[in-house]
Amino acid sequence: MRHLITGGAGFIGSHLAEALLSRGDEVFILDDLSTGSVENIRHLKARDRFHYIFDSITNRHLLAELVDESDVVFHLAAAVGVRLIVESPVRTLETNVFGTQLVLDAASKKKKLVVTASTSEVYGKSDKVPFREDADLVLGPTTTARWSYAASKAVDEFLALSYWKERKLPVIVVRLFNTVGPRQTGRYGMVLPNFARQALDAAPITVFGTGQQSRCFCDVRDTVESILRLLSTGKAIGEVVNIGSTQEISIEGLAHVVKQRTGSNSPIAYIPYEKAYEPGFEDMLRRVPCVDKLEKLTGFRPSVPLPEIVDRVVDHLRGKRTAAAATAERMAAPAASD
Ligand code: UDP
């Protein structure tokens, strides 16, 4: 099979590409590197069935051509990360709403199956945990930038489901909960890569707020497995499905796990939300998915335990540092012999 992954040079996209290639499938990646990175896909570039196109989903002609070439479109291109959303709300809304419409429109002309990535952010500040797909979404006021992300992804979901209902475009909407693993960057605010870096640097681990807010961290391999299983059941078309782990941990608890797994002496620094993000920032207290629907459709539920997830993230970071140090040494060597 041939697949197009928009946003394929991002963290999740690159893992999805890897899994599809290892099945023997052909993969086209369309990414403008706005938040993705060539580094994420460098190891795939030499593969015969891997094609990388550095461009935007707003290039309609190119998008149409790539959709035409593919059997399935994975739409992962989006503005992600709470920090990015708070700092660049216009870009968030434009990329998420306009971009998704372009992808759905192009796919609809050729009736190609679209798997579109949504987020647990759409549940907003609902306290009805665990979150079920048919639960109400509870968002804050439009004057608070954070909610623009949730609203934009909710519009994406409405769009995708409308294309299915009205134009018979086959779509699957996956609501991804906190997904973590090697190659995720901390640049856009994601907590685990930041904690891992801080622990390895023996720098303070920055816990925002009291640290009593909780999340469930899902290994990206489980996320990819869930997506691929949903794709192959045929029963997920026109459905919205949560994908996430159900192992809940407070952010303070996560800081301790990271310290323990790295053997770091980093102190824990508690940073008020208004300093970490912006005045009036609202965080979600708990975020736990109900994955019954995923399990019913696929017979699978994410299960990689947190210590293993943390170890993989830390090992990746250590590996990157060792490689960077070796490169720096190589570069310095000729100068030293002059
Ligand atoms: N967080 C933190 N320190 C950081 C980055 C994030 O305490 O350096 C917190 C953040 O406020 C949130 C949780 O960790 O409560 C998860 O943040 P992330 O941005 O990874 O995901 P999301 O907020 O989308 O769940």
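Residues numbered from 1 in each chain as written. Predicted model: local features only at pLDDT ≥ 70, side-chain atom pairs only at ≥ 80, totals over all residues. Heavy atoms only, no water.

A. The site of the ligand, seen in detail. Lining the immediate environment of the ligand, one finds 17 residues, of which Thr206, Phe208, Arg215, Asp283 and Arg287 sit closest. Contacts to the ligand include Arg215, whose side-chain N or O atom sits 2.6 Å from an oxygen atom. A distance of 3.3 Å separates an oxygen atom of the ligand from a polar atom in the side chain of Tyr277. Protein contact buries 93% of the 520 Å² of open area that the ligand shows by itself. Where the shell around the ligand is concerned, the elements lending two or more residues are helix 7 (191-200) and strand 8 (205-208). The dominant element in the shell around the ligand, judged by the number of residues it contributes, is strand 8, at 3 residues. Of the residues in the shell around the ligand, the class split is 9 nonpolar, 4 polar and 4 charged. (Near = heavy atom within 4 Å. Polar contact = N/O pair within 3.5 Å; in protein donor to acceptor, adjacent residues only side chain to side chain. Areas by Shrake-Rupley, 256 points an atom, 1.4 Å probe, with all protein chains shown as cover. Helix = DSSP H or I, 4+ residues; strand = E, 2+ residues; numbered from the N terminus. Nonpolar A, V, L, I, M, F, W, Y, C, P; charged D, E, K, R; others polar.)

B. Seen up close, the pattern of salt bridges. Summed over all chains, the structure comprises 25 salt bridges. When the shortest N-O distance is used, the salt bridge between Glu121 and Arg287 registers 3.1 Å. Within this pair, whereas Glu121 is found in the loop between strand 5 (113-119) and helix 6 (146-167), its partner Arg287 is found in the loop between helix 10 (273-276) and helix 11 (292-298), the two being separated by 166 residues in sequence. Here Glu121 falls in the buried class, since its relative accessible area comes to 4%. Residue Asp311 is joined to Arg261 by a salt bridge in which the shortest nitrogen-to-oxygen separation is 2.7 Å. Of this pair, Asp311 sits in helix 12 (residues 306-337) while Arg261 is found in helix 9 (residues 251-262), placing the two residues 50 residues apart along the sequence. What you see here is one network of salt bridges that share partners, running through Glu121, Arg146, Arg215, Asp283 and Arg287. (Salt bridge = Lys/Arg side-chain N within 4 Å of Asp/Glu carboxyl O. Buried < 20%, exposed > 50% of the residue type's maximum accessible area, 1.4 Å probe, protein only.)

C. The nonpolar core, seen in detail. Core analysis: the largest hydrophobic core is formed by 35 residues, its most contacted members being Ile5 and Phe74. Contributions of two or more residues to this core are made by helix 1 (11-22), strand 2 (26-31), strand 4 (72-75), strand 5, strand 6 (171-176), helix 8 (220-233), strand 11 (239-243) and helix 11. If you tally residues by element for this core, the top one is helix 1, at 7 residues. If near-sequence neighbours (up to four positions away) are discounted, Phe74 is found in contact with His3, Leu4, Ile5, Thr6, Leu16, Leu20, Val115, Ile227, Leu228 and Leu231. The next biggest cluster of nonpolar side chains, apart from the first, holds 23 residues, and it includes Leu30, Val73, Ala160 and Val240. (Core = buried A, V, L, I, M, F, W, Y, C linked by side-chain atoms within 4.5 Å. Contact = heavy atoms within 4.5 Å.)

D. Just the sheet that holds strand 11, in detail. Reading across from one edge, 3-2-1-4-5-6-11 is the order of the 7 strands in this open sheet, with parallel pairing throughout. In this open sheet, the two strands that pair with only one neighbour each are strand 3 (50-54) and strand 11. In this sheet, neighbouring strand axes are inclined to one another by 20 degrees on average, regardless of whether the strands run parallel or antiparallel. Against the sheet, helix 5 (residues 89-110) touches strand 1 (2-6), strand 4, strand 5 and strand 6, its axis set at about 175 degrees to strand 4. (Pairing = 2+ DSSP bridges. Axes fitted to C-alpha atoms, helices over the stretch in contact; angles between N-to-C directions.)

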